[in-house]
Amino acid sequence: MFEILGISSQALFGQLLIGLINGSFYALLSLGLAVIFGMLNIINFAHGAQYMMGAFVAIFLLQYLGLGYWWALVLAPIIVGASGIVIERLFLQWLYKLDHLYGLLLTFGLALIIEGTFRNQFGSSGLPYPMPEALRGGQNLGFMFLPNSRAWVIVASLAVCLTTWFVIERTRLGSYLRAATENPTLVRAFGINVPRMITLTYGFGVALAALAGVMAAPIYGVNPQMGANLIIVVFAVVVIGGMGSIMGAIVTGFGLGVIEGLTKVFFPEASNTVIFVIMAIVLLIRPAGLFGRGREMTEHTATAPKTAINPPPAMAPPATSRSEAVAFVLMTAILLVAPLIVYPVFLMKALCFALFACAFNLLLGYVGLLSFGHALFFGWASYASAHAAKVWGLPPELAILFGAMVAAGFGLIVGALAIRRQGIYFAMITLALAQMMFFFAVQAPFTGGEDGIQGVPRGRLFGLIDLADQTSMYFTVLAIFLGSFLIIYRIINSPFGEVLKAIRENEPRAISLGYRTDRYKLLAFVLSATFAGVAGATKAIVFQLASLTDVDWPMSGEVILMTLVGGLGTVFGPVVGAFFIVTLENYLTHIGQWVLVVQGMIFVACVLLFRRGIVGALMRLTRVKL
Amino acid sequence: MSLLTVDDLQAWYGESHVLHGVNFVVRPGEVVTLLGRNGAGKTTTLKAIMGIVGKRSGSVRYEGNELIALTSDRIARAGIAYCPEERGIFASLTVEENLLLPPQVRPGGLAVERIFELFPNLKERLRSQGTKLSGGEQQMLAIGRILRTGARLLLLDEPTEGLAPVIIQQIGRTIGMLKQQGFTILLVEQNFRFAATVADRHYVMENGRVIDQFANADLDANMAKLHDYLGV
Amino acid sequence: MKRLLSPAALALIGACTVAHAQYTDGVIRIGVMNDMSGTYSDLSGQGSVIAARMAVEDFGAAKKGMKVEIVGADHQNKPDVGSNVVRTWLDVDRVDVVVDVPTSSVALAVNQIVRDKNKVFLVSGAAASDLTGAACTPNTVHWTYDTWALANGTGQAIVKTGGNTWFFLTANYAFGLALERDTAAVVVKNGGKVLGQVRHPFPGTDFSSFLLQAQASRAKIIGLANAGSDTINSIKQASEFGIVKGGQNLAALLAFITDVHALGLQTAQGLIMTESWYWDLNDNNRAFAKRLAPQFKGIHPTMVHAGVYSAVTHYLKAVEALKSDGDGKAIVAKMKELPTDDPLFGQGTVRADGRKIHPMYLFEVKTPKESRGAWDYYKLRATIPADQAWRPLGEGGCPLVKS
């Protein structure tokens, strides 16, 4: 019996053991993700939803067929795995020739559909799952009382993980998998049906997720959101371990579970962010991950050239941008008279999001970088501007400016960390950092946590115009939007913008021409963050509220959706997309959780069928540049 | 009657049109080489036959079956084996796993013991990681593993590239032995002197087309022409 | 399309219709907003809408010539969603009074908006005692319960009955921290000791680590300063780890009968909590439950539902007396002037700071043996009289209270 930092050794061992339990889930889930990523090069965002499905299938098996836990352990993974196979055949197989990020977007959309459907049917509070007889009670280990259910989780996951590792690394079947991961074309040329292997591998990875879900059911209960929160943490685990490394995923999963467990003892408030912090550190010093083999994405782009993240317009744009000028005038005219017909508060919301989407489009459409954490800039600018207006009493124009500056600052830090990596890594880093800042926002005193910052005064613009008047507020927002829109347009059509487009098309060539591409990318990132901040800061003033919703990851997903729907890499696409989505959601509010499903379906439809977006399609039809 | 007939074979990498209509035949039991400069389209031709280029058109008939529209695994199962230019040894597999990877597509492939007789080095290095072998050993492995499959037509892409003369001779002997066993081999080579030691006929390619062919016996007679083609 | 049309457009349309004399566009519109699909959907949700409807029926609004409409909405526990709904309600849909709103963050946001537009806000679901403290307004009445009453009821009563060492398991966000702070103060004031606390991230799923720490502290009482699914999961996992069997007791600082129902008596037995209303306390309550439960999937009414009923009843009384529903401040002033009287809460008053005054009750959850069936969950341990249950009028910092 000894003490470490005020905790008795007994208590410490107890906490370590508990850490292993969480680690078991992390290991199982990251194993599934790693297996899928290795073979398909797709980050399976739907993994959390499939984990949740496993738990629900266990409930259905019990309720409708009277089959208990032990049956569910076998049947649920098979059933959910089969659904995974269907997904791969129906959706994923079309993406292998495209940029990897489309896989992320598609599986994100699928996750929304699955989660939304279950939420609709079962509400968010969840259902209980009875603890099976054999697992009730526990063992008194002296230093703690360990419930049998928890001990079982550790033992079962270890067994599954090690068996999977053994099969992959030491058996003939595993050699096929490993070879196909390295060089699928050659393996196929030997006569092996690689597409079928890919399908089955995806099914297997999904089955692992479902298995974890069944094991979680009696311990944590079953609710439709159980996967969403877990999945981002598991992503971080996989990035830390190194993608595509099986043993790496297992060891990292268990290891991080233990580290998180220890954090709960010594610094509990930080226990849900410690994994992200570790991820940021690992990315800085060992980007391939602790056990990664250092293989870059490019190794998989064997033969066929992949279509870039935004397909360039079908024809060369005409020399003048007269059509754009006309469109701009038209847009301004419509927005000037709109408040007479349409509820101005709704319009202002749409304008703020339109600006947010334009800022995002700058990064994705013109530089080709998919940030999955733009809510960070939007939301924190919102907090900053709300704080400045309410607590410091700044007039609205200064508050918004302050918000934008805060966003720019964050943009610099996040950009500097994230730009080091490409493609999917970049998306994951931005996601994880944004999630870390979300948790920080929940707990920090000045953000008001769950309450948010409320009662933000609208103030007097320049000390003269009282923005409490709806009309004045509207025209101020409109002015901000139009001004920012013009600046972004100018950026896109400047020499700087041309370099950005060159980087998007072919970065190595741009480097060979002598451009310091990292600097350009960072500057573009900061600009994108700044304008996202302007949007967020303005929104806080309009709605007089800055809340957690603005920094949460679904918000990052929304702006991607708006830009995708509107048309990546087009000038007016984001505006159209934002208005479309905001209107859609307005109509759908009374159908509650179906909004998620609809959003997910739009994601899937856009990625598979409609990559040009509304404006992109319009451009193609009318042969006009927009 | 030919084993393999290639007729107006065209191929594209994305937008670029790489093969403009390749025509040749390979008869059973022959060793035929494709000669030509860098970029002539030799490797692409092998890949097109194997079905691993982006887009292709024309006709590739093997044992009377049309292969042009088939996926590469079906082409392999038709009885053709491919040994790529970069050898394609898998780093995440051991030598033994590499050797046993390609499945049997026809009965009558070489037994593993036979392959060890041909390439004794492999037997000693079975547990090593595939890419830890020397260049020559990797080439042995690359050739050895396709012998097990039972495929009767072997496509070898530059098997001697970057290897020491001693190893090159060993490969030459191996090809000779395989020919005796009844294998048919289509060989891509830049090293025409080596090609001369093993082949029955040679085709010359340039700009994605076959522009000339010689019997091996006529090689010396056409040396000047050959130098011209190959820019040596 | 109605939601998007501007007030100007609507006014144009409205001007063509003939308006009834007294009430804004002739109808008293009651908006019941709460969590319709999430963690709080059972303790409020559709049940609150039903309770409001029952109140309107029992008041006899139709016979008195008052046209009353009830609309419901889901705020998904998000302040921005709630704000948007209320803003649209008040600007465009001509709603006159907003009722219920659990989740304090949403309630605080709605509180501001209602004040700005001079309507009425009757809070039943939310807990934040700030609503009658620093954030009080002349347009808001806080019914049912608040954090101060809970802390006081649970904390004091438990310490007095021997639970004098405490360890807190707190959700690390404003609400949880406030709950911990208020209860700790009460514990100390009554001679108890706080041995420690652990703050878990919000929301949490796995509490085993924190429960182990609570166990190691050997405190007699483990106070759960969290809510909703956090509370349910803490209790469930505490049961798994044998905490109660090991001799410690759990005090749920914010829990409802629906939580006990979700946990089951096997897990929840012995739990101590404070509520302001229980369906099995008297005949009136039982009758109410008998009417509501069948309309609400068998779920028995919680104190939140009862609060909605009581609040709507009193509101209608005030509106009837004033013969108008347009001026929020005037209506609330009337509600403070008139004493309350309804079958569920009996007689009571609304204080100057907007606080509704009624007694609170300390309950203990029955063991499975003691219960006669579903929803028979509570034993009454103590009654806290109305004049002792609430924070004293001058201590809240409400600007409406003249000191």
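In this text the structure is predicted, and so the values were computed from the model without any measurement.

Asks: Would you mind going over unusual backbone geometry with me for this structure?
Replies: One can expect most non-glycine residues to show negative phi and most peptide bonds to be in trans. All names here are of chain C. Even without being a glycine, Arg-94 presents a positive backbone phi close to 60 degrees. Structurally, Arg-94 is set in the loop between α3 (79-91) and β3 (97-100). Of the residues examined, Arg-94 reaches a relative accessible area of 38% and is grouped as partly exposed. Even without a glycine there, the phi angle at Thr-103 is positive, about 75 degrees.

Asks: Any chance you could explain the interface of chain A and chain B here in plain terms?
Replies: By convention, interface size is frequently given as the accessible area that disappears when the constituent parts associate. Residue-level contacts link 20 residues of chain A with 25 residues of chain B. For the pair chain A and chain B, the summed buried area comes to about 1900 Å², and 62% of that belongs to carbon and sulfur atoms. On the surface where chain A and chain B come into contact, there are two salt bridges. Between Asp-73 of chain B and Arg-188 of chain A there is a salt bridge, and its shortest N-O distance comes to 2.9 Å. Linking chain A with chain B are seven residue pairs in polar contact (both at pLDDT 80 or more). Listed by contribution, the elements that provide at least two residues to the side of chain A that touches chain B are α6 (172-182) and α7 (184-189) of chain A. Of all the elements, α6 of chain A adds the most residues to the side of chain A that touches chain B, at six residues. Looking at the side of chain A that touches chain B residue by residue, the class counts come to eight nonpolar, seven polar and five charged.

Asks: Please explain the packing of aromatic side chains as it appears in this structure.
Replies: How two aromatic rings sit relative to each other is given by the distance of their centres and the angle of their planes. All names here are of chain A. A complete count under the given rule lists 45 aromatic pairs over all chains for this structure. Following the ring pairs from residue to residue traces out a cluster consisting of Phe-45, Phe-108, Phe-235, Phe-372, Trp-553 and Phe-603. Positioned above the aromatic ring of Tyr-102, the side-chain terminus of Arg-611 is 5.5 Å from the ring centre.

Asks: Mind showing me how you'd approach the interface of chain A and chain C here?
Replies: On the chain C side, the residues contacting the 47 residues of chain A number 44 residues. Taking both sides of the interface into account, the surface hidden between chain A and chain C amounts to around 4000 Å²; carbon and sulfur atoms contribute 51%. A per-residue breakdown of the area chain A buries against chain C is headed by Tyr-343, Glu-450 and Gln-454 of chain A, which together make up 17% of the total. Its salt-bridge partner being Asp-206 of chain C, residue Arg-150 of chain A comes within 3.3 Å of it at the nearest N-O pair.

Asks: Honestly, the sheet that holds strand β4 (residues 120-123) of chain C in this entry has me stumped. Any pointers?
Replies: Backbone hydrogen bonds are what pair the strands of a sheet, in a parallel or an antiparallel way. All names here are of chain C. Here five strands make up an open sheet; going across it, the order is β2-β1-β3-β4-β5 and the pairing parallel. Here the strands that pair on one side only, and so sit at the sheet edges, are β2 (68-74) and β5 (140-142). Going from strand to strand, the sheet's axes swing by 20 degrees on average, the running direction of each strand aside. As judged from the seven bridges shared by strand β1 (residues 28-34) and β2, these two strands associate in the parallel manner. Each bridged residue has a counterpart across the sheet, and for Arg-29 the counterpart in β2 is Glu-69. Sheet strands touched by helix α12 (residues 303-322): β1, β2, β3 and β4. Its angle to β3, the strand with the most contacts, is close to 155 degrees. Each of β4 and β5 is contacted by helix α13 (residues 328-337), which is oriented at about 45 degrees to β4, the strand it contacts most.

Criteria and cut-off values
Residues numbered from 1 in each chain as written. Chains lettered and ligands numbered in written order. Predicted model: local features only at pLDDT ≥ 70, side-chain atom pairs only at ≥ 80, totals over all residues. Heavy atoms only, no water. Helix = DSSP H or I, 4+ residues; strand = E, 2+ residues; numbered from the N terminus. Buried < 20%, exposed > 50% of the residue type's maximum accessible area, 1.4 Å probe, protein only. Contact = heavy atoms within 4.5 Å. Buried area = accessible area lost by both parts, 1.4 Å probe. Salt bridge = Lys/Arg side-chain N within 4 Å of Asp/Glu carboxyl O. Polar contact = N/O pair within 3.5 Å; in protein donor to acceptor, adjacent residues only side chain to side chain. Nonpolar A, V, L, I, M, F, W, Y, C, P; charged D, E, K, R; others polar. Phe/Tyr/Trp six-rings, centres within 6.5 Å; stacked < 30°, edge-to-face > 60°. Lys NZ or Arg CZ within 6 Å of the ring centre and 35° of its normal. Pairing = 2+ DSSP bridges. Axes fitted to C-alpha atoms, helices over the stretch in contact; angles between N-to-C directions.

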